[in-house]
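Chain residues, written in single-letter form:
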Amino acid sequence: MYVIVVYDVNVERIDKVRIFLKQYLNWVQNSVFEGELTKVELKIIEKGVKDLIDQEQDSVRVYVLRNDKYLKTIELGTSKVKLSEII
Amino acid sequence: MRTNYYIIKDGILRRKENTVYFINKEGKRALPINKIYAIYAYGNLSFTSGVVSYLARNGIPIHFFNSYGFYEGSLYPRETLVAGDVTIKQAEHYSNKSKRCYLAKRFVEGATRNILRNLNYYSSSNLSLKKYIENIESEIPRIDGYDTIPQIMSVEGHIRDIYYNALDEIFPEEFRMGTRVKRPPNNKANALISFGNSLMYATVLSEIYNTQLNPTISYLHEPFERRFSLSLDVAEIFKPIIVDRVIFKLVNKRMLNDGDFVGELGDMLLSDSGRRKFLQEYHDRLSRTIKHKSLGREVSYQRLIRLELYKLVKHVLGTQEYKPLVIWW
């Protein structure tokens, strides 16, 4: 599945969330990650993020798509990153 | 699913924030550590020792290619899937002459049948291919008649010669090969084939790492020192399916232009832009899926390589006789 994770986390904890997500997903822009995941990896991410954030103050949203074929991205302004596997 | 990364640019690979960063003067790019399957390094890469041990610990091999695009070596992580009985049985199949020949013949047979599939695809639009196809078909029954490795190798070489001659009938003039020349390739077709074959070898090696097989014990090719020759054996089957089809697409759809090659006739290589195009097509093909007949589900081309290796494990352990993959679609 293809997921997009956006988060609004207090500055005290934000780096922990970012570094954790970086191990599984591609950084797209500030507070946004996306990438292909398996079911198990999604569970790992759910659990990992839950442990890092403060349930009262922080918010993390995960958008799950069956496949990136269903994703159409419109970019305005400058793209921060190229996601190609060929670097 | 983990994915392959191909690094063409020059730069530094380092561990930072528990993941892998590729950094050069144009900027930096983070590669999610848990999503890397293997790294193919074409550029001048510098490593920190941190990243090397981190990649190794995560079971990620790095394959190095020199400026010609030839395979140089791999940073092959410590084997985690070890099984003494498989290694012993694998060696047994090597030292027993008839058992070794059986496997060597199957590799040649698999490669040949896949070559025929490629040619048959084009034979309806190009009638001149017919005589090449008949030629190759007449070689197949001869494979089983031989019982020494050099003889089997020579049939294989002969079939490949016919095949490459046949390709010259399909390819537009600027991509004709003449004879197969390596190190360095002398024209565009040879440059494409050399580049692709090196890549295929490394891809098969990544898959072997994920099985219990020992990559140094091979059957068709001699197990030389310092070489993972089992990868050469298995790559034979997949070259026509993966590499050659990538080349057909690039050539027949006229996706390559003069800027994609460097050098002159007699010493021709792919340029950075050419490599980029090739790697993109190669990557797409490895990730493309087909419905597997006996598994009944979608599998990627890359997975097919792994399945082939599992068949080999079953064969050496004596549970199921090995029959090479011949594409059915």
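Calculation rules
Residues numbered from 1 in each chain as written. Chains lettered and ligands numbered in written order. Predicted model: local features only at pLDDT ≥ 70, side-chain atom pairs only at ≥ 80, totals over all residues. Heavy atoms only, no water. 1 Å grid on protein atoms, 1.4 Å probe; cavity = no way out; pocket = protein on both sides within 12 Å on 5 of 7 lines; lining within 4 Å. Points joined across faces, edges and corners; volume = space filled by probe spheres on them. Helix = DSSP H or I, 4+ residues; strand = E, 2+ residues; numbered from the N terminus. Nonpolar A, V, L, I, M, F, W, Y, C, P; charged D, E, K, R; others polar. Phe/Tyr/Trp six-rings, centres within 6.5 Å; stacked < 30°, edge-to-face > 60°. Buried < 20%, exposed > 50% of the residue type's maximum accessible area, 1.4 Å probe, protein only. Lys NZ or Arg CZ within 6 Å of the ring centre and 35° of its normal. Contact = heavy atoms within 4.5 Å. Buried area = accessible area lost by both parts, 1.4 Å probe. Salt bridge = Lys/Arg side-chain N within 4 Å of Asp/Glu carboxyl O.

Peer 1: Explanation requested: the layout of surface pockets in the structure shown.
Peer 2: It is a probe the size of a water molecule, rolled over the atoms, that shows where empty space is left. If you add up the space inside the largest pocket, you get close to 1,600 Å³. The wall of the largest pocket is formed by 47 residues, among which Y2, E36, N67, D68 and E85 of chain A lie closest to the centre. Among the elements of the structure, β2 (26-29) and β3 (32-36) of chain A together with β1 (3-7), α8 (272-287), β12 (298-300) and α9 (301-317) of chain B are those that each provide at least two residues to the lining of the largest pocket. A per-class count over the lining of the largest pocket returns 16 nonpolar, 14 polar and 17 charged. Of the volumes computed, that of the second largest pocket is approximately 840 Å³. Around the second largest pocket, the lining is made up of 26 residues, and of these K182, N197, R227, L232 and K239 of chain B lie nearest the centre. Among the elements of the structure, β8 (71-75), α5 (149-170), α6 (188-209) and α7 (229-252) of chain B are those that each provide at least two residues to the lining of the second largest pocket. The element best represented in the lining of the second largest pocket is α5 of chain B, accounting for six residues.

Peer 1: Hey, could you run me through the packing of aromatic side chains in this one?
Peer 2: The description of an aromatic ring pair uses the distance of the two centres, along with the angle that the planes make with each other. Residue and element names in this part refer to chain B. This structure, assessed with the given rule, holds 18 aromatic pairs over all chains. With 4.9 Å between their ring centres and 25° between their planes, Y6 and Y40 make a pair best called stacked. In this pair, Y6 sits in strand β1 while Y40 sits in strand β5 (residues 36-41), placing the two residues 34 residues apart along the sequence. A single burial state applies to Y6 and to Y40, both of which are buried. Ring plane angle 85° and centroid distance 5.2 Å describe the contact between Y122 and F248, whose orientation is recorded as edge-to-face. Residue Y122 is found in helix α3 (residues 97-123), and its partner F248 is found in helix α7; the two are separated by 126 residues along the sequence. Like F248, Y122 is buried. Pairwise contacts between aromatic rings join Y6, Y40, Y42, F65, Y71, F195, Y201 and F278 into one cluster. The ring of Y54 has R15 lying over it, and the distance from NZ or CZ to the ring centre is 3.9 Å.

Peer 1: Is there a simple way to think about the interface of chain A and chain B in this case?
Peer 2: You'll often see interface size given as the accessible area lost when the parts meet. Each side of the interface is counted separately: chain A has 18 residues, and chain B has 24 residues. Counting each side, the surface lost to burial between chain A and chain B is near 1,800 Å², with a carbon and sulfur contribution of 52%. When the area that chain A buries against chain B is broken down by residue, the three leading residues are E85, I86 and I87 of chain A, summing to 46%. On inspection of chain A and its partner chain B, the count reaches three salt bridges. Top contributing element to the side of chain A that touches chain B by residue count: helix α1 (residues 11-22) of chain A, with three residues. For the side of chain A that touches chain B, the residue count by class is eight nonpolar, four polar and six charged.

Peer 1: Could you clarify how one ought to interpret empty space enclosed by the protein in this entry?
Peer 2: Residue and element names in this part refer to chain B. Here the structure, examined in full by the defined rule, presents one cavity of 30 Å³ or more. By volume, the largest cavity is sized at about 50 Å³. What lines the largest cavity is Y68, F70, P185, A191, S194, F195, M268, L269, L270 and R275. Elements with a contribution of two residues or more to the lining of the largest cavity: α6 and β10 (267-270). For the lining of the largest cavity, the class distribution of residues is eight nonpolar, one polar and one charged.

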